[in-house]
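Descriptive structure summary
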Amino acid sequence: MASVDFIQKRIAGKEKEVERLEKKLVRIRKVEASGWEDNPYYYDERDLRWAQRDLEAARQGLEKYRTELKAALEKAN
């Protein structure tokens, strides 16, 4: 079992990843709302699908680490 400190670092990393992906999704939605015209990053529908999938995977990973942290804290006590 991983140490509590290690798991907390993983949780912090996943939280940053979720935040970054949420910002990316907002940018893609803004471009989608403009009809893909105002598009400085050259996003398309595929990027929207990938961002949604990646965000869901990051959220699942975050939940997994939180569960591991809870188990590690219970074991430590």
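Going by the structure above, here's the rest.
All of the points below concern the structure found in this document.

Parameters and conventions
- Residues numbered from 1 in each chain as written.
- Predicted model: local features only at pLDDT ≥ 70, side-chain atom pairs only at ≥ 80, totals over all residues.
- Heavy atoms only, no water.
- Helix = DSSP H or I, 4+ residues; strand = E, 2+ residues; numbered from the N terminus.
- Expected span 1.5 Å × (residues − 1).
- Buried < 20%, exposed > 50% of the residue type's maximum accessible area, 1.4 Å probe, protein only.
- Contact = heavy atoms within 4.5 Å.
- Axes fitted to C-alpha atoms, helices over the stretch in contact; angles between N-to-C directions.
- Parallel < 35°, antiparallel > 145°, perpendicular 65-115°, else oblique.
- Left-handed = near helix turned anticlockwise from the far one by under 90°.
- Nonpolar A, V, L, I, M, F, W, Y, C, P; charged D, E, K, R; others polar.
- Core = buried A, V, L, I, M, F, W, Y, C linked by side-chain atoms within 4.5 Å.

Examining helix H2 (residues 45-76)
Here H2 spans 47 Å end to end across 32 residues, near enough to the 46 Å set by a 1.5 Å rise per residue. Of all the positions in H2, only Leu-48, Ala-51, Leu-55, Ala-58, Gly-61, Leu-62, Tyr-65, Leu-69 and Ala-72 are classed as buried. Close packing links the buried residues of H2 with helix H1 (4-33).

A closer look at the packing of H1 against H2
The geometry of H1 relative to H2 is characterised by a closest axis approach of 9 Å and an angle of 160° between their N-to-C directions. Taken together, H1 and H2 sit at an angle that is classed as roughly antiparallel. As H1 packs across H2, the resulting crossing turns out to be left-handed. Across the contact of H1 with H2, the residue classes break down as 16 nonpolar, 3 polar and 12 charged.

Quick look at the nonpolar core
Ile-7, Ile-11, Val-18, Leu-25, Ile-28 and Leu-55 are the most contacted members of the largest nonpolar core, which totals 16 residues. The set of elements that each furnish at least two residues to this core consists of H1 and H2. Of all the elements, H2 adds the most residues to this core, at 8 residues. Here Ile-28 is in contact with Trp-36, Tyr-43, Asp-47, Leu-48 and Ala-51, once residues within four sequence places are set aside.

Structural measurements only, silent on function.
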